[in-house]
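# Working through the structure, step by step
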Amino acid sequence: MEKVSGTHSFLNGRSRWLRAVGLSLLFAVALSGTALGQLAVTGTVTSPGGAPLSGVTVRVNGTDIRTVTDPSGKYRISAPTDAVLTFTGVGHRPVQTTVAGRTTVDVTMAAISYLEEVVVTAYTSQRRADITGAVSSVNVEAANKQTQASVLKALDAAVPGVTVLSNGSPGSRSTVRIRGIGSFQNNDPIYIVDGAPAGDAYMNSLNPDDIASIQVLKDASAAAIYGAQAGNGVVIIETNRKGVAGPPQVTLRVRTGVASPVSGYNDILLTNSLDYFQVLRQRYLNAGLPVPTTVYGDPNSPSVPNYTWADPSTVCATCRDALGRVVTADPSKYSYPNALIMPGSQGTDWWKAVWGSAPVSDYNLDVKGGSDANAYNVSFNYYDQAGTAKYNDFRRGSVRVNTSFNRSKLNFGENIAISTDRHYGGIPNDNGGEGGILSKDILLQPVISIYDINGNFAGGKGVPGVNSSNPLQNAFNAKDNVAKDNVVFGSVFGGLDLSPQLTFKTKLGFNLTQNSAVGYGWTTPQNNEANTSNSIFENNFQSTDWVWSNIAQYLKTFSRSSFDLLVGQEASAGNNRFLQGSINNLLNTDLNSRYVQDALGDPNTKNVFSSGGRNALMSFFGKAGYNYADKYVASFTLRKDGSSNLGPTHRWGTFPAAGLGWRITNEPFLANNRILSDVMLRYGWGVTGNQNIPSGRIVSQFGGDRGDTFYDITGSNTSIVPGFRQTALGNPDLKWEENRSTNVGADIALFEGNLNVVLDVYNRATNNLLFAPSTPAAAGVASPPIVNIGKMENKGFDFSVGHQGSWWNATLNGSHYKNKIVSIDGVQTFFYGPNQTRIGNIAINMLGQPIGSFYGYIADGFFRDAADVTAHATQAGAAPGRIKFRDVNGDGVINNSDRTIIGSPHPKFTAGLDLGAHRGNWDASATIFGTYGNKIFENQMDFYVFQDFASNVRKDLLANSWTPTNLNAKYPRLDFNDIYSGAASSFYVKDGSYTRLRSMQLGYTLPSGARYLPGARVYLQGENLFTHTNYDGLDPAMPAGNAFGAAGDIRDQLMGVDQGSYPSNKIVSIGIVTKF
Amino acid sequence: MATLSKKSLLRGTAVMILATAMLYGCKDFLSTASEPQGTLNQTTLANRAGVEGSLIAAYRALDCTDATSSNWGCAASNWVFGSVASDDSYKGSDGLDQPPINDIEGYHWGTPGAGDYLNTKWTQVYEGVVRANSTLRLLKQVKASSPTTFSTADANSIAGEAIFLRAHYHFEAWRMWGNVPYYREDDADFRKPNIDSAAVAVEILKDLDSAIKLLPTTPRNGQVGRASQWTAKAYRGRVETYTKQWAAAVATFKDIQSNGPYRLETSSDRVWSAYQDASNGPETIFAYQASSNDGEPNAANSNYGERLNFPYSPSHFACCGFDPPSQNLVNAFLVDPASGLPLSITAPTTWNTSNGPFVAGNMTPVDPRLDWTVGRDGVPFKDWGNYSIAWVRDPQNGGPYMPKKIIHEKGSGAEATVGWQPQQQSSINIHLYRYADLLLMLAEADVEQGDLPGAMTIVNQIRARAAVTAQGPGTDRASMAIPINDPRITWATYKVSPYLTFPSVAYARQAVQTERRLELAMEGQRFFDLRRYGTVADVINSYITGLPTISGGAENTRRLYKQGAEPIIAKHRWYAIPNLQVELSRVGGVDMLKQNTGW
């Protein structure tokens, strides 16, 4: 035994905590292997057919003694003579047996049939065999092999029919879509965590290691019991509520690694100043213009300037060369911010300046235990992921307490998680909008230095055309911009078993959230478009949501049939309040002075704002299930919901659903077949709803704003008087958005369960879409009324095929959906998606087309020569080497009406492949994800090809641009006067398909007899190590940018637009899981 | 182990059921939660404060508002549609910045980009109409429910102001698109068909006549931002001029000239000035009342619509280099040394041959208004020190000059301290209509009525005012504007003399139109004036190609991108109605808004 000396000094903070853990570990090591009065037990574990099963964990109950079977299924373990041994193996039903003095204990383990799983769906749990809807269970273990703040990021590879869009920014949002997109706005599914509804925002606060199971209810027949909120699907998450009987069992999971971006702009863009000049020069020469000399001097022998900017006051009369470039500047006259001197750079690699590798760590400790009368599970988590962009960090700490108590017929308990997280750097959901850390600023020219001669941040001042900011400064100055989320989420519940058949349950769920953010806006005297006043803001959002549900369940089994009935009632309500203050022109920018107070800044600039919202839902529901001889299964669901968001006369909606199942293998005609072990055919139909709109929109709203309706009527030039206008048009007839879906599926187990296939085909139609179609400007700029109008349709299929072998397993899942807008408002044939780029409307929602289709001209290559220009339809600015747009309507003129659909951001097919293997103490696993057929609108080309705002350019731009001798070039002719080729066209549309090795893990379980950490599993993990794609932008995996319309989130209308998205992370990490 | 008694079980169940029953017995549960938060409702506003506030909001829509401005098409001055589209200015900045303005400047008004800008203008003016009409409805409601709330005088003035504003906004729409729909307070159908441009003018005049009857002779409450009877009369004359009702125009204008409150400012420096004492001078008929440092955190109430039109870094303003005056405009300020008359009058085929840049020290005589209108190299820039070509964002693209009228004086203290680029934001008022504009329209009408001496008197009155001050060295207010022959002036020779005779109607017409260009240059009027004169195709096409009327001076050789400009043809009579609005007007598959001919 190792000696623990008493002479150590306690360290601070985390290391002290780690040391304490270490001591505990040592203590555990010391304990194991010291028990007395033991037998050496050996045995073989086999399948019912006699095949040896390796990798089966054999554990002595109530102790930490364990081992694993070898490839021949044999094991050896020492156990007390009266011990109980538990055998557990992946895909097999656990077996417990008593030693009872034997020295040889052989065990047969049956594979678990897929259909025998018990899954939690909607207020209760069900046998898989009784489920007639489309319900996918997530392999939580595989999902957790990715180092993510939110478990959602892994769902697309894990669940057929689910797409997830997210970026690599730590703690960023994951946008989950189940079976396509049903609505023009707000398509987030609802998350039910331990019975309480949660929004997407909570998912970053939920520790993935606390999750015991995730079920995705994909069709209405499964989800209809959640009625009004289930229109976009339901994700049911259960946390580790079950403790185990016995003494406290402690599990420690530690994972730590290093992340780096999967790709960088330095792979794509020039990093040498003189190379950049060659592009610039060519653009001027081809335009017939003199090449500017102010930065690079003589175009025929260009040189990097000594200074890109030196304030005139620092430059003597003779300190300029013949071209006016500054040769020497007087550093003693440097004065920040008025007289700056910025050196020229041979080539700044802006990507490298901001992006690099970053640590990521995840610590989990949980303690489980209990007795017959109670069970507890307490877990602690600390997660820290630094961004691969500098000064950008996400940290989360959480504590969860799940307990349950049984007292005869009464049981009660609670699940509560307290979590707090911090996003540093102010960019958790940076989606590339200009001003973000990535976007346009990272495309700064290489000739600009990072720092000026005094170490302050340098910028584009003096370099013509540059209006971007120093991206490193952006990151640095935002480092103290912190967003905090504090959440208490949980539920208390009680149940009463009145009789074996009849049970009552009541549950009160709550979600108390407090979010806050502080932000700092800095000055940029080194920029062409200098910002000279700084500012701060601070805000606080608080919300209280509660839900109270009461259900009664009755179960009755007759000889060959069983019947269950569930009736329930639920009420929920939420309210929130937001308060923001800001002030400009701080006297002191020290962190300790960044408060919104009159004395700290310019009191005239102080601005305070508050807003709020309320809503309530009331629901009644029932569900009846019938099972005859495990052969015929039927279920019926009915839910009625009333929502405060809707018009008084349309408040209540009814959501019926029905499901039928036929377990065909239980029919006599299939009784003796050897192939089909278990086949269940399913049919489901149902209606779900959506009422996810801002509250209070049933009446018109009025308001005003100092910058919108207030006016200086007295002509004072310094004061304004209040004014009001209508801000939103109400619609008292608002009703539910209605989602009807039909699902036909089959659950098939082949070859005694060695191959499991799940296949679903669906048709999902949304009617009465809640949507705020634009009103004519004659109705004013008030938010248009939200109306129930429009139809959308998603048809598709999803499947999974899995094999659970004795030493390996593989699951392939795939999905396809086709989204179509069937009707907008009966009048409009289209409306544009959010207009958030500099090249105008690029996304359109058009009848018969998928939501968020790309829109523009069709680029038909380049004009070959003058004759080609003449022969072509009249096109503004047409010239050889410029992009030729197709005359779609054949009217001989290229104009508005020649724009058309030029691509869809929706994948044709997505697939995930999960692989696992174990041999002896070793195990390995991998997850591969792929998406095919989706297009990306590479908006960044506006900058790195067309050089909007004198941006840096692609490495191959000079070599691959059109010239009379390079007619099949990749890019149009470099031409300073070509302001035409950059119009929105198919030139920007690229194939966004990719296949990515999402995760790979190699693990080793130490033998139970190991000297150190017996039974612990250590692993090496790699994520996103390999990507195959033809996309030549930064990263084909990108989220839809944040976009909000009058009636909420409309990000689905701007999918697949590359505005510079935080790239995914390549992470290599090591981890350990140990129990003691 | 203790077990629960049956009694307590029952009791527990009973409590649960009772609580549940209470919850859904409580009918208010849903309706209470449906009340909107953080907003006002119609009832809250049905009173004096509501009506007055609604009217204030109707005034506010004169320039870009937070709620509508997605680009700069909303600017009160119409700099995109009135100046850049004319021979006054270029888009400026660099070639790829705000590309929709390239389309406006190149007369490609059917492009998606141009459509965005046009839609912003359309949205802005109809938002003004909506706000004016809401005021009228609310006023009616309050008058009906609580007749004593307003005195008759107040009620009349409020109605008059709202009707006047409605006329103004429709006028803006009308001079852009001609055939537009007209909305009054009782209209509930927002997909009305557009009406013929002549009919629109009738409607505008109808509203102006109502406003004239209702409005007091001085602005209500002495608040200079409000319209008075004289404002509405002045507008009436403007519409009469636009519709060539010359006799009516002369009558209207002469009434204002004799009986109205307006006069020319004493000197040019006071016309566009951010000094408070000059911001609502006698020349102001109607202006957007800009304010800065008024507690609004983004300086949105300042000269917001003009905020791009400032010199670039390293000037004090730092951004953005839009709307630079054209070489053609600079040349228009050249003066015949002998007569002191515009060179374009005395040498109509050679005045525009100089390709510039016209910089300090070139002593060719110029009209002193040049240096109140155009920033040029080496010449003092109001009181900001000498303008430098280094302040130009991209001279190759936009030429060496920058606009000057909207620049606030350093000494005025009008500059904002907040918002994006606060140094481009000030409380300088934006003239929507000033007395010189009115006088020159009277001169125009006089010419058409054959009163050439009357026209010449007015032109000379304007020229006499122009001769009072020129740009001075500009270290303080006193030295910013000095007599035009002051020896401190080393950068230019200023000369502006009166006409001695208008020998013919054609000459007079040319003289009045030229004077109007010089006096109102860069104020967003020029393109609309050219259309009104019926000379827009001639003037613009020769502005771009130099042909057929002017030798040399083709802008498509000065600014090469202008080679992509379309020639002005019949369809350019009106701007294209924004496609989006045409789409949105569709009822039963039929576009209620009919697109203008040719678009």
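Rules used in this analysis
- Residues numbered from 1 in each chain as written.
- Chains lettered and ligands numbered in written order.
- Predicted model: local features only at pLDDT ≥ 70, side-chain atom pairs only at ≥ 80, totals over all residues.
- Heavy atoms only, no water.
- Contact = heavy atoms within 4.5 Å.
- Buried area = accessible area lost by both parts, 1.4 Å probe.
- Salt bridge = Lys/Arg side-chain N within 4 Å of Asp/Glu carboxyl O.
- Polar contact = N/O pair within 3.5 Å; in protein donor to acceptor, adjacent residues only side chain to side chain.
- Nonpolar A, V, L, I, M, F, W, Y, C, P; charged D, E, K, R; others polar.
- Helix = DSSP H or I, 4+ residues; strand = E, 2+ residues; numbered from the N terminus.
- Buried < 20%, exposed > 50% of the residue type's maximum accessible area, 1.4 Å probe, protein only.
- pLDDT = per-residue confidence, 0-100.
- Disulfide = S-S within 2.5 Å.

Taken together, the contact pairs 102 residues of chain B with 104 residues of chain A. Note on chain B versus chain A: buried area summed over both sides is about 8,400 Å², and carbon and sulfur give 61% of it. By the criterion of area lost to chain A, the three top residues of chain B are L30, L96 and Q396 of chain B, representing 8% of everything that side buries. Put simply, chain B and chain A have 3 salt bridges between them. Connecting chain B to chain A are 30 residue pairs in polar contact (both at pLDDT 80 or more). Counted by class, the side of chain B that touches chain A contains 44 nonpolar, 43 polar and 15 charged residues.

We now examine the side chain of S136 of chain A. Residue and element names in this part refer to chain A. Along the chain, S136 falls in strand 10 (residues 135-137). S136 gets classed as buried once you look at its relative accessible area, which sits at 10%. Within the structure, the side chain of S136 is placed 2.9 Å from the side chain of K218, a separation counted as a polar contact. Filtering out sequence-adjacent residues up to four positions away, S136 remains in contact with R128, V159, P160, I214, Q215, V216 and K218.

Across chain B, pLDDT averages 92, with 94% of residues at or above 70. Prediction confidence for the complex, expressed as pTM and ipTM, is 0.86 and 0.95 respectively.

Time to look at the environment of L617 of chain A. Of note, L617 of chain A is situated in strand 28 (residues 602-628). Residue classification places L617 of chain A among the buried residues on the basis of a relative accessible area of 6%. In this structure the C-alpha to C-alpha distance between L617 of chain A and P170 of chain A, which are 447 residues apart in sequence, comes to 34 Å. Not counting the four nearest positions on each side in its chain, L617 of chain A is found in contact with Q229, E570, A571, S572, G642, S643, Q691 and W736 of chain A together with F29 and L30 of chain B.

Next up on the list: the state of the cysteines. All names here are of chain B. Within the structure shown, the criterion is met by 3 disulfides over all chains. Bridging C64 to C74, the disulfide has an S-S length of 2.0 Å. On the S-S bond that ties C64 to C74, the torsion sits near 95 degrees, and the link is right-handed. Residue C64 is located in the loop between helix 4 (48-60) and helix 5 (79-84), and its partner C74 is located in the loop between helix 4 and helix 5; the two are separated by 10 residues in the primary sequence. Summarising the burial analysis for this pair, C64 and C74 share the class buried. Within chain B, bonded cysteines paired by disulfides and numbered along the sequence follow the pattern 1-2, 3-4.

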